[in-house]
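# Secondary and tertiary structure notes
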Amino acid sequence: MSVLIKGGLIVTAAKEYIGDVFVDGEKISLIGESLDVAADQVIDATGKYVIPGAIDPHTHIELPFGGTTTCDDFTSATVAAAFGGTTSLVDFCFQMPGQSFRAALDTWYEKIDRCKPVIDVGFHMAITDLHDGGTLEDLARVPDEGVTSYKVFMAYKGAVMVDDETLFKTCRVAAETGALVMVHAENGDVIDVLVKEALAEGKTEPKWHAATRPPITEGEATNRAIQLAHLAGAPLYVVHVSCKESIEPIARARQEGWRVMGETCPQYLFIDETALDAPFSEGAKYIYTPPPRPKENQEHLWDALGSDVLSIVSTDHCPFRIKDQKTLGEGDFSKIPNGGPGIENRMHLLHHFGVNAGRFSMSRLVEMTSTNVAKQFGLYPKKGAIAVGSDADIVVWDPKRELTISAATQHSNVDYNLYEGTEVTGSPAVVLVRGKVVVEGESLVAKPGHGQFLKRARFGEELTA
Ligand code: URP
Ligand code: ZN
Ligand code: ZN
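Residues numbered from 1 in each chain as written. Chains lettered and ligands numbered in written order. Predicted model: local features only at pLDDT ≥ 70, side-chain atom pairs only at ≥ 80, totals over all residues. Heavy atoms only, no water.

### Quick word on the coordination of the zinc ion (ligand 2)
- Of the protein atoms, only His184 (ND1) and His240 (NE2) coordinate the zinc ion (ligand 2), at distances of 2.0 Å.
- One can describe the site at the zinc ion (ligand 2) as irregular: its 4 donor atoms subtend angles covering 57 to 152 degrees at the metal.
- In this structure, the zinc ion (ligand 2) lies 3.9 Å from the zinc ion (ligand 3). Taken together, the residues span a long stretch of sequence, with His184 in strand β12 (residues 180–184) and His240 in the loop between β13 (236–238) and α8 (244–255) at a distance of 56 residues. In this pair, the class of His184 matches that of His240, namely buried. (Donors = N, O, S within 2.8 Å, 3.2 Å for Na, K, Ca; no water. Tetrahedral: all angles 85-135°; square planar, octahedral: opposite > 155°, others 65-115°. Helix = DSSP H or I, 4+ residues; strand = E, 2+ residues; numbered from the N terminus. Buried < 20%, exposed > 50% of the residue type's maximum accessible area, 1.4 Å probe, protein only.)

Printed below as a string of structure tokens:
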């Protein structure tokens, strides 16, 4: 099967130019000005952008968490992702306390086998226990399977939180194996004290979620993780950065030339802490962690994206239904499952409020959602590029297509949308994954099962096959 994408504005992280892209099988095989080549399918991209498919490095699909399980499986989540222009994702495989890494990986392989993805999927290994379940030797073997990043949580005490010993040992193994360490940076011990105090004082509404996780708990943990990873010689990636207190230590480390990267997510760019003031049935939608912050942090986040202090925007898609899952915490904010949905709308929001609003260029959008992700997570140049030899993961993006974001039309199983009613201009017209059209306008064209497991390269290494 061959596809010729004609006359679009090809936008990569480095440049923009008008051209044709010829796809032969799964790969991009020719790029040129006016290619005179026969193809099975021709896509007219005049007036549209031709960009590398977005990659989401932070999702929680079918994850048992907070007393329930996230409500998207690998079919529904990847269909939703595809409609938003995302052609690969990397999900967190969780080692449950007491479990071996082998058992954790097998559980996640079973999930993609049972609910087949429509886009490509890789895994990170989330480490929760190096005492009873996982050994350092087994952890060192995980990257051999193409799972080349370790994640640790410095919060969620009593559930998945690890202590500094585990964080530091994980960093040391990563320094040896070439894995990237990812960290959820919040001081879980301090938050635990604040939550218990609030509940004892009868403070049970959603707004206490933010009040008990103040920005300084994120800033302190971010700095601690940076120092410990540096001491161990491991590269570090700080997930879901939400506030100035966390941006600052990342900026300092990068200034020093340390291997420290950070991401933020749309929910921190567009939603602030006042969303939690609403009554439970509305406020509970905004219970994700870190919590929505005071509004002034949003400008700090945009600036950090502009200056490359933060280099990636992920979604942290972690969907729980409002009608019967968030309700687990009615009367006690600490029992509301933490997480919000967002896998489908990352590109819509960033294009409209970032590119159209003049905050950054289309190239920078491509860099933050695709190329940088591919580079940091061992997927480049197979993914994240419009280049000869790269996978034909291509989005034909229509910068004029209008969309009103709504739960009624989204493809996730979740029953609300954090951006309900937001009007955006710019949306995918056609989405290809490895040369196959997956989404065309409003239609899902490919069947679940087209997606493949992604064996990623180690940090700093290239992936070509
Ligand atoms: O609230 C969130 N973000 N839930 C998912 C787990 C995590 O902390 O990323
Ligand atoms: Zn987290
Ligand atoms: Zn997360």
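Next, the rest of the story.
### Quick look at the state of the cysteines
- Under the defined criterion, the tally for this structure stands at 0 disulfides.
- For the unlinked cysteine Cys93, the closest cysteine sulfur is that of Cys318, found at 15 Å.
- Here Cys171 is not disulfide-linked; the sulfur of Cys93 is the nearest cysteine sulfur, at 19 Å. (Disulfide = S-S within 2.5 Å.)

### Section: the layout of surface pockets
- The calculated volume of the largest pocket comes to roughly 520 Å³.
- Looking at the largest pocket, it is lined by 22 residues, and the ones nearest its centre are Tyr156, Lys157, Ala159, Ser334 and Asn338.
- Of all elements in the fold, only β7 (64–65) and α5 (188–200) reach the threshold of two or more residues within the lining of the largest pocket.
- Considered class by class, the residues forming the lining of the largest pocket number 12 nonpolar, 6 polar and 4 charged.
- Its volume calculated, the second largest pocket comes out at about 260 Å³.
- Lining the second largest pocket are 18 residues, and of these Glu344, Leu403, Thr409, His411 and Glu442 sit closest to its centre.
- Of all the secondary-structure elements, those providing two or more residues to the lining of the second largest pocket are β16 (394–404) and β17 (423–433).
- The element best represented in the lining of the second largest pocket is β16, accounting for 3 residues.
- In terms of residue class, the lining of the second largest pocket is made up of 5 nonpolar, 10 polar and 3 charged. (1 Å grid on protein atoms, 1.4 Å probe; cavity = no way out; pocket = protein on both sides within 12 Å on 5 of 7 lines; lining within 4 Å. Points joined across faces, edges and corners; volume = space filled by probe spheres on them. Nonpolar A, V, L, I, M, F, W, Y, C, P; charged D, E, K, R; others polar.)

### What about the coordination of the zinc ion (ligand 3)?
- Only His58 (NE2), His60 (NE2) and Asp316 (OD) from the protein reach the zinc ion (ligand 3) as donors, at distances of 1.9 to 2.1 Å.
- Geometry at the zinc ion (ligand 3) is tetrahedral, judged from the 4 donor atoms that bind it and their angles of 85 to 131 degrees at the metal.
- All donors of the zinc ion (ligand 3) come from a single chain, and their spacing in sequence reads H-x1-H-x255-D.

### Focus: the pairing of strand β14 (residues 260–264)
- With respect to burial, β14 is a largely interior element, 5 of its 5 residues being buried.
- Because side chains alternate across β14, one face comprises the buried residues Val260, Gly262 and Thr264, and the other comprises Met261 and Glu263, equally buried.
- Two elements, β13 and β14, share 3 bridges in a ladder whose sense is parallel. By the bridge assignment, Val238 is partnered in β14 with Gly262. (Pairing = 2+ DSSP bridges.)

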